[in-house]
Amino acid sequence: MPSVDGTTVTVKLGGGAHQISSVRVSAMLNPGQNRFSALRKFELWACNSATADCSSDAGFSNVYTSADDAFPGARPRPVSPDLIIRTFQLSAPVTATHLRLVVKTNQCTGIPGIQTDDDNDPANDSGCVTGSARDSEVRAAELEAFSPPTADLSVTKTGPATLKVGSLATYSITVKNDGPAAASGVVAIDKLPFKAEFRSVKASQGTCTKATVNNVTSVTCKLGSMASGSTATITIVAKLRVTGTATNTVSVSEASPGDSNSSNDTATWNTTVTP
Ligand SMILES: [Ca+2]
Ligand SMILES: [Ca+2]
Ligand SMILES: [Ca+2]
């Protein structure tokens, strides 16, 4: 058995437990290092110290197995583009405090047909396993772990500062996805002021419905998907029927991938309604 199989490096992640959805690994070498020693196939194992003993092998479980040619060097020798940093996506995010890279093969043991001496020169063993120590050394340069991307939705709204009771107020709502990921299942819910009479709603995308409970009408706009950086606008017209401060609050949510900043998920507009 090639001796690089099962070589490990374990990383304790800074800042406690993290959700990990992808890693970037490099098998790039420094000048003078033998290119057949570079990593080729690996596994990723994870441990969460909240639920397991990460000082023991039993605390780790396999969360990713790379392709045989994760770093796809080929005969006669691997080259730099085969070894430079690559991204590997886990099938599902895992919660981990420790990550372990487990070597399966290096370029020597993993490239088919180079392990044994198969040339016609009996004086020289050209096999990388039989004729050299390349099968017993392995190098990986980098292991970076990444959490799942999030989408930061924000909402702002404007309306009239003052209005005579019984007149129509126009509210303009802007929903923005500040990314970095696209958001899906985006919903904005606008709660009109007490006893305000709904007149119309217009959204730049999706569909809106309304419902009235206890003299408060809520307008729900299902905006659907929003690309990173995109905006959607909603215009709502309502007749304000109560004097004093009329408060209108809108909130935005997403089905996925999850919002990274909840402080900008609601917006409120106050209108002074005069007799
Ligand atoms: Ca030979
Ligand atoms: Ca050897
Ligand atoms: Ca947000």
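Residues numbered from 1 in each chain as written. Chains lettered and ligands numbered in written order. Predicted model: local features only at pLDDT ≥ 70, side-chain atom pairs only at ≥ 80, totals over all residues.

Here's the deal with the sheet that holds strand β5 (residues 86–96)
Ordered in space as β5-β2-β7, the 3 strands form an open sheet in which the pairing is antiparallel. Looking along the sheet, the strands with just one partner apiece sit at the ends: β5 and β7 (142–146). Neighbour-to-neighbour, the strand axes of the sheet open up by a mean angle of 25°, direction not taken into account. Summarising the sheet, strand β2 (residues 18–26) and β7 pair through 5 bridges and their orientation is antiparallel. By the bridge assignment for β7, serine 26 is matched with glutamate 142. (Pairing = 2+ DSSP bridges. Helix = DSSP H or I, 4+ residues; strand = E, 2+ residues; numbered from the N terminus. Axes fitted to C-alpha atoms, helices over the stretch in contact; angles between N-to-C directions.)

With respect to the pairing of β2
Across 7 bridges, β2 lies against β5 in antiparallel orientation. Bridge pairing links isoleucine 20 to valine 94 in β5.

Describing the sheet that holds strand β12 (residues 197–203)
Taken together, 4 strands build an open sheet; the order of strands is β8-β10-β15-β12 and the sheet is antiparallel. Unpaired on one side and paired on the other, β8 (151–158) and β12 mark the two borders of the sheet. Taking the axes of each pair of neighbouring strands and ignoring which way they run, one obtains an average angle of 20° across the sheet. As judged from the 7 bridges shared by β8 and strand β10 (residues 168–180), these two strands associate in the antiparallel manner. The residue of β10 that forms the bridge with valine 155 is valine 175.

A closer look at the domain arrangement of the protein chain
One can read the domain layout of the protein chain as domain 1 (8–146) and domain 2 (151–274). Just the C-alpha atoms count here: the centres of domain 1 and domain 2 sit 50 Å apart. (Domains from an automatic or database assignment.)

Details of the nonpolar core
If you look at the biggest cluster of nonpolar residues, it comprises 29 residues, and the most contacted ones within it are Val155, Ile173, Val175, Val186, Ala188, Leu223 and Ile234. Of all the secondary structure elements, the ones that give two or more residues to this core are β8, β10, β11 (183–191), β12, β14 (216–226), β15 (231–239), β16 (244–253) and β17 (266–274). In this structure, isoleucine 234 is in contact with Ile173, Ala188, Val201, Ala203 and Cys221, ignoring residues within four places of it in sequence. Of all hydrophobic cores here, the second largest spans 24 residues; its members include Ala27, Ala38, Cys54 and Tyr64. (Core = buried A, V, L, I, M, F, W, Y, C linked by C-beta atoms within 7 Å. Buried ≥ 20, exposed ≤ 12 C-beta atoms within 10 Å, placed from the backbone. Contact = placed C-beta atoms within 7 Å.)

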